[in-house]
Amino acid sequence: MNAVTRRVVIGTAAVSMALSLAACGKAGDNGSGDSGGGDGKTIGLLLPENKTTRYETFDRPIMEAKIKALCADCEVKYNNAAQDTETQKKQFDALVTQGVKVIILDSVDYKATKSWVQQAEKKGVKVVAYDRLAEGPISAYVSYDNEKIGRLQGEALVKSLGDKAKDANVVMINGSPTDPNAPLFKKGAHSVIDSAVKKVVYEQDIPDWSPDEANKKMGAAIDSLGKTGFQGVYSANDGMAGGIITALNKQGVKVPVGGQDAELAGLQRILKGDQAFTIYKQIKPEAETTAEIAVKLLKGEKIDDLVPVKVTSLTGEFKDIPAKLYDAQVVTKENIGSTIIADNVYKAADICTAEYKAACEAAGIK
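In short, a report on the structure. Small disclaimer: the values here were computed from a predicted structure and weren't measured.

Cut-offs applied
Residues numbered from 1 in each chain as written. Predicted model: local features only at pLDDT ≥ 70, side-chain atom pairs only at ≥ 80, totals over all residues. Heavy atoms only, no water. 1 Å grid on protein atoms, 1.4 Å probe; cavity = no way out; pocket = protein on both sides within 12 Å on 5 of 7 lines; lining within 4 Å. Points joined across faces, edges and corners; volume = space filled by probe spheres on them. Helix = DSSP H or I, 4+ residues; strand = E, 2+ residues; numbered from the N terminus. Nonpolar A, V, L, I, M, F, W, Y, C, P; charged D, E, K, R; others polar. Salt bridge = Lys/Arg side-chain N within 4 Å of Asp/Glu carboxyl O. Buried < 20%, exposed > 50% of the residue type's maximum accessible area, 1.4 Å probe, protein only. Pairing = 2+ DSSP bridges. Axes fitted to C-alpha atoms, helices over the stretch in contact; angles between N-to-C directions. Left-handed = near helix turned anticlockwise from the far one by under 90°. Contact = heavy atoms within 4.5 Å. Expected span 1.5 Å × (residues − 1). Polar contact = N/O pair within 3.5 Å; in protein donor to acceptor, adjacent residues only side chain to side chain.

Quick word on the layout of surface pockets
- Roughly 270 Å³ of volume is contained in the largest pocket.
- Lining of the largest pocket is provided by 17 residues; of these, Phe58, Tyr280, Ile283, Lys284 and Val345 occupy positions nearest its centre.
- For the lining of the largest pocket, the elements supplying multiple residues, two or more each, are helix H1 (54-70), strand E9 (278-281) and helix H9 (283-299).
- Partitioned by chemical class, the residues of the lining of the largest pocket number 8 nonpolar, 3 polar and 6 charged.

Put into structure tokens, the structure is as follows:
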């Protein structure tokens, strides 16, 4: 999970009240104004940030396409909060004010959403938590088994350390404290790493999943521990792994570093040998299931078959939230071809640019 252009699309919509109240129909613009038009034809989509490349490259277009396929006249009102909680609150409140009845929410700060979702529920608005479990009376939640992903990360790091794992010291660079998935990744990783290595000698949570901040913390770890004071680095995602590896390279330190999200740059680092592994989460089924749930909720249809499990919010306050949790898998140099390329996430040509051509050929990717 890059330079960020912070942008919030803000606009207004005026939709005639004479329009049919059917579930699918013509809706207003894609802005976040406060005019009317909530007549049961619009789905709100709020994503948290664009530092992680997946959101704009995959999640948004996949969901928008699936919603259109299921309901040709449905409208999607999209906004990205650029990692700002107050901006996301304004976006959310604007959708409710407009009368939008279903909102897909990938929260910037899960704790902040409780009052938003409660107020929305009072107005008959259904909220689908996407990727991150928001607090509040959520109608459905679609994500991954995030503690299991942490375990996969831990197992992959231990495997990359090989027979030296028992004597290895490890640095852990965790995700953003405001992301409810981050403590689950961390918990899962610790459940493996703590008993398999000598010691976790340095650990930091990184606000906003910032690669720059991860780079700084890795530099601080090297200064504190010395170049030989650790033998491996756990990075909660690929974006931060990039910052970490830059810091390591600057100091001439070569140790296994893992990540998550199967970002293009991460895959290229894996082929080059700078990064040991990533975690591949199939975004398409997650995004398409969320779109299907949203359309069904908009039409007043049952979603039971799409959300087979129940989960509890991180605070424990909200229980029995209908959910669908997908699995993930570890990706290394050996299986990029049979996973990422086979699933058309990226083509070989995308990954194997001139700089990585030799590495791709060595890995059997053409």
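After that view of the structure, there is still more to cover.
Focus: empty space enclosed by the protein
- Of the volumes computed, that of the second largest cavity is approximately 40 Å³.
- Broken down by class, the residue content of the lining of the second largest cavity amounts to 5 nonpolar, 1 polar and 2 charged.

A closer look at the pattern of salt bridges
- Evaluated as defined, the whole model comprises 17 salt bridges.
- The closest approach of N and O atoms between Glu56 and Arg60, which form a salt bridge, is 3.6 Å. Of this pair, Glu56 and Arg60 both sit in helix H1, 4 residues apart, which is roughly one turn of the helix.
- A residue is classified by how much of its surface remains accessible, and Glu56, at 23% relative accessible area, is partly exposed.
- Residue class for Arg60 comes out partly exposed when judged on its relative accessible area of 27%.

What to know about the sheet that holds strand E11 (residues 321-326)
- Ordered by their spatial adjacency, 7 strands build an open sheet running E2-E1-E3-E4-E5-E11-E10, and the pairing between neighbours is mixed. The outermost strands of the open sheet, each flanked by one partner alone, are strand E2 (75-80) and strand E10 (309-311). Across the sheet, the axes of successive neighbouring strands diverge by a mean angle of 25°, strand direction being ignored.
- Direction of pairing for strand E5 (residues 140-144) relative to E11: parallel, over a ladder of 4 bridges. Bridging across to E11, Val142 finds its partner in Lys324.

As for the packing of helix H4 (residues 146-161) against helix H5 (residues 181-196)
- Contact geometry for H4 and H5: axes closest at 7 Å, N-to-C directions at 35°. Classified by chirality, the crossing of H5 by H4 is right-handed. Only Asn181, Leu184, Phe185, Lys187, Gly188, Ala189, Ser191, Val192, Ile193 and Ala196 of H5 make contact with H4, whose side of the interface consists of Asn146, Glu147, Ile149, Gly150, Arg151, Gln153, Gly154, Glu155, Leu157 and Val158.
- For the contact of H4 with H5, the per-class residue count stands at 9 nonpolar, 7 polar and 4 charged.

Examining the sheet that holds strand E8 (residues 232-235)
- Ordered by their spatial adjacency, 3 strands build an open sheet running E7-E6-E8, and the pairing between neighbours is parallel. What marks the edges here is a single partner per strand, and that holds for strand E7 (199-205) and E8. Each adjacent strand pair in this sheet contributes to an overall mean axis angle of 15°, direction not counted.
- Direction of pairing for strand E6 (residues 169-174) relative to E8: parallel, over a ladder of 4 bridges.

Here's the deal with helix H7 (residues 238-251)
- Taking 1.5 Å per residue as the helical rise, H7 with its 14 residues ought to reach 20 Å, and the 20 Å between its terminal C-alpha atoms agrees with that figure.
- In terms of burial, H7 is a largely internal element, 10 of the 14 residues being buried.
- Within the span of H7, buried status applies to Asp238, Gly239, Met240, Ala241, Gly242, Gly243, Ile244, Ile245, Ala247 and Leu248.
- The backbone nitrogen of Gly239 lies 3.4 Å from a side-chain oxygen of the residue at the head of H7, namely Asn237.
- Taken from the residues just after H7, Gly252 is the one with a positive phi, measuring 70°.

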